[in-house]
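# Fold and geometry: a report
Each chain, written out:
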Amino acid sequence: QVQLVESGGGLVQAGGSLRLSCAASGRTFSSYVMGWFRQAPGKEREFVATISWSGGMTYYSDSVKGRFTISRDNAKKTVYLQMNSLKPEDTAVYYCAASTAVTTNREGFGYWGQGTQVTVSS
């Protein structure tokens, strides 16, 4: 089992940057594929990015590709989401999640953090 705690959210102007962090505790962090999802008000939770166990493979949604970067530090048991060129439509609660397999499917992630709010003003 793994516990996940996100941090780094906040209010930023359009065009700005934020870096989200997700600290894990519990079982070996490196045995999990990690992902970021987001949920805007009135919308379903959607995939943002995922990274494989050692970081060798990454996948992004089309809406964030080229602007967001996912990375991980297995020694620190932390996964990051660097968000650049933020847009008002990026406003959402961002969730960190852990899976035992490489997937972009929300149902494939069995462990979730509590979320952190990101608000991008125009």
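Structure: see above.
In this report, we go over the structure that sits alongside the text. (Residues numbered from 1 in each chain as written. Predicted model: local features only at pLDDT ≥ 70, side-chain atom pairs only at ≥ 80, totals over all residues. Heavy atoms only, no water.)

## Re a nonpolar patch on the surface
A cluster of nonpolar side chains, namely Trp53, Met57, Tyr59 and Val102, defines an oily patch on the protein surface of about 340 Å² accessible area. For Tyr59, the position within the fold is in strand E6 (residues 58-60). The exposure class of Tyr59 is partly exposed, given its relative accessible area of 38%. (Patch = residues over 30% accessible without salt bridge, like charges linked within 9 Å, V, L, I, M, F, W, Y side chains within 5 Å. Areas by Shrake-Rupley, 256 points an atom, 1.4 Å probe, with all protein chains shown as cover. Salt bridge = Lys/Arg side-chain N within 4 Å of Asp/Glu carboxyl O. Helix = DSSP H or I, 4+ residues; strand = E, 2+ residues; numbered from the N terminus. Buried < 20%, exposed > 50% of the residue type's maximum accessible area, 1.4 Å probe, protein only.)

## A short note on the side chain of Thr50
Along the chain, Thr50 turns up in strand E5 (residues 46-51). In this structure the side chain of Thr50 is engaged in a polar contact, spanning 2.9 Å, whose partner is the backbone oxygen of Met34. Dropping the residues within four chain positions of it, Thr50 is found in contact with Val33, Met34, Gly35, Met57, Thr58, Tyr59, Ile70, Thr103, Thr104 and Phe109. (Polar contact = N/O pair within 3.5 Å; in protein donor to acceptor, adjacent residues only side chain to side chain. Contact = heavy atoms within 4.5 Å.)

## Side note on the nonpolar core
In this structure, Met34, Trp36, Val79, Leu81, Met83 and Tyr94 are the most contacted members of the largest nonpolar core, which totals 29 residues. Secondary-structure elements contributing two or more residues to this core are strand E1 (2-7), strand E3 (18-26), strand E4 (33-39), E5, strand E7 (68-73), strand E8 (78-83), strand E9 (92-99) and strand E11 (116-121). (Core = buried A, V, L, I, M, F, W, Y, C linked by side-chain atoms within 4.5 Å.)

So, to be careful, I would describe these as geometric facts and stop short of saying anything about function.
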